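Structural description and commentary
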Amino acid sequence: MSRKIVAGLYISLDGVVEAPTEWHFPYLSDEMGAALGEMSAEADTLLLGRTTYEEFAAVWPHQSGEIADQLNGIRKLVASTTLKEATWQNSTVIEGDVITALKELKEQPGKNINITGSITLTHTLLRAGLIDELRLLVHPIAVGTGRRLFPDGTGQIPLKLTRSVTFGTGVLDLTYQP
């Protein structure tokens, strides 16, 4: 059985996935923490685009606690054509073609490969058919502006709902497969 690439994103009702730090925190709950912990436990690799990698690498190495320990300790792969070196603990820049490298990685033994944030990378992998699951935490807020998970012109992407949970905060935890 091959590994799965799972994209986990905070998303608003109007589809915005950009800058969740601006709107996500009022909805943070123990239920959400448990769901995120479950998702993390199912993975042994974190896949990040350059922007998300740089944002995380600027913060998490200087933090402590369970989430920081998990993020700092996990194997991290960075998809970037411009970043030459990844200095955050256990981080490597993917050399060559990202699509080819990820197809090969999926065939190797291991747990899930999680993507968090990394909107451009998620778009690229959706178009390439490499996302096995979309784990969306749909927040009950319309943000009004920002990059969307499915921008205009994306085209149709049929998805199958495989799991749904409603948190007390009104956040929906939805898992879709292409």
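Structure first, text after, so check above.
Report follows, based on the coordinates. (Residues numbered from 1 in each chain as written. Predicted model: local features only at pLDDT ≥ 70, side-chain atom pairs only at ≥ 80, totals over all residues. Heavy atoms only, no water.)

1. Description of the pairing of strand β1 (residues 5–12)
The condition that has to hold: Any residue under 20% of the maximum accessible area for its type is buried, any over 50% is exposed, and the rest in between are partly exposed; the area is computed with a 1.4 Å probe on protein chains only. Every helix listed is a DSSP run of H or I at least four residues long, and every strand listed is a run of E at least two residues long, numbered separately from the N terminus. Strands qualify as paired when DSSP identifies two bridges or more between them.
Within β1, seven of the eight residues are buried, which leaves the element mostly enclosed by the surrounding structure. Where β1 meets strand β5 (residues 112–116), four bridges bridge the pair, whose relative direction is parallel. Opposite Ile 5, over in β5, you have Ile 113 as the bridge partner.

2. A word on the packing of aromatic side chains
Note the threshold: A pair of aromatic rings is counted whenever rings of Phe, Tyr or Trp (Trp by its six-membered ring) have centres within 6.5 Å, and the orientation is called stacked for planes under 30 degrees apart, edge-to-face for over 60 and tilted otherwise. Any Lys NZ or Arg CZ found within 6 Å of a ring centre and within 35 degrees of that ring's normal is scored as a charge over the ring.
All chains considered together, the criterion is met by one aromatic pair. Taken together, a centroid distance of 6.0 Å and an interplanar angle of 45 degrees make the contact between Tyr 53 and Trp 88 tilted. With Tyr 53 in helix α2 (residues 50–59) and Trp 88 in the loop between β3 (75–79) and β4 (91–93), this residue pair connects regions lying 35 residues apart in the sequence. Per residue, the accessibility class of Tyr 53 equals that of Trp 88, and both read buried. Between the NZ or CZ atom of Lys 76 and the centre of the ring of Trp 88, over which it lies, the distance is 4.4 Å.

3. Concerning the pattern of salt bridges
Here is the rule: The salt bridge definition used is simple: a Lys or Arg side-chain nitrogen within 4 Å of an Asp or Glu carboxyl oxygen.
According to the stated counting rule, one finds eight salt bridges in the structure shown. The partner of Arg 148 in a salt bridge is Asp 14, with the nearest N and O atoms 3.6 Å apart. Of this pair, Arg 148 sits in the loop between β6 (133–139) and β7 (160–166) while Asp 14 sits in the loop between β1 and α1 (30–41); the two residues are 134 residues apart in sequence, bridging distant segments of the chain. We classify Asp 14 as partly exposed; its relative accessible area is 22%. Across the pair Glu 54 and Arg 50 runs a salt bridge, and its minimum N-O distance is 2.9 Å. Highlighted residues: Glu 54 and Arg 50, both in helix α2, separated by four residues, approximately one helical turn. It is possible to trace a salt-bridge network through shared partners that takes in Glu 38, Arg 135, Arg 163 and Asp 173.

4. Topic: the nonpolar core
Quick note on the threshold: Among buried residues, the Ala, Val, Leu, Ile, Met, Phe, Trp, Tyr and Cys ones that are joined through side-chain atoms within 4.5 Å form a nonpolar core. Contacts: residue pairs with any heavy atoms within 4.5 Å of one another.
Counting residues in each nonpolar core, the largest one holds 26 residues, and the members touching the most others are Ile 5, Leu 47, Leu 102, Leu 125 and Ile 131. Of all the secondary-structure elements, those providing two or more residues to this core are β1, β3, α4 (98–107), β5, α5 (119–127) and β6. Beyond its immediate sequence surroundings of up to four residues, Ile 5 is in contact with Leu 102, Lys 106, Ile 113, Ile 115, Leu 125, Leu 130, Ile 131, Asp 132 and Glu 133. Ile 74, Val 78, Leu 83 and Trp 88 belong to the second largest nonpolar core, which has eleven residues in total.

5. Some remarks on α1
Heads up, the condition is: The span expected for a helix works out to 1.5 Å for each residue beyond the first. Working note: the arc is built from the helix axis to C-beta atom directions.
In a regular helix each residue adds 1.5 Å, so twelve residues correspond to 16 Å; α1 covers 16 Å between its end C-alpha atoms and thus fits that length. Looking at α1, one finds that the buried residues are Met 32, Ala 35 and Met 39. Viewed along the axis of α1, the buried residues span an arc of 60 degrees, placing them on a single side of the element. Residues of α1 that are buried sit in contact with β1, β2 (43–49), β5, β6 and β8 (172–177).

6. Section: the environment of Gly 155
Among the secondary structure elements, Gly 155 is positioned in the loop between β6 and β7. Put simply, Gly 155 and Arg 127 are 28 residues apart on the chain and 9.6 Å apart in space, counted from C-alpha to C-alpha.

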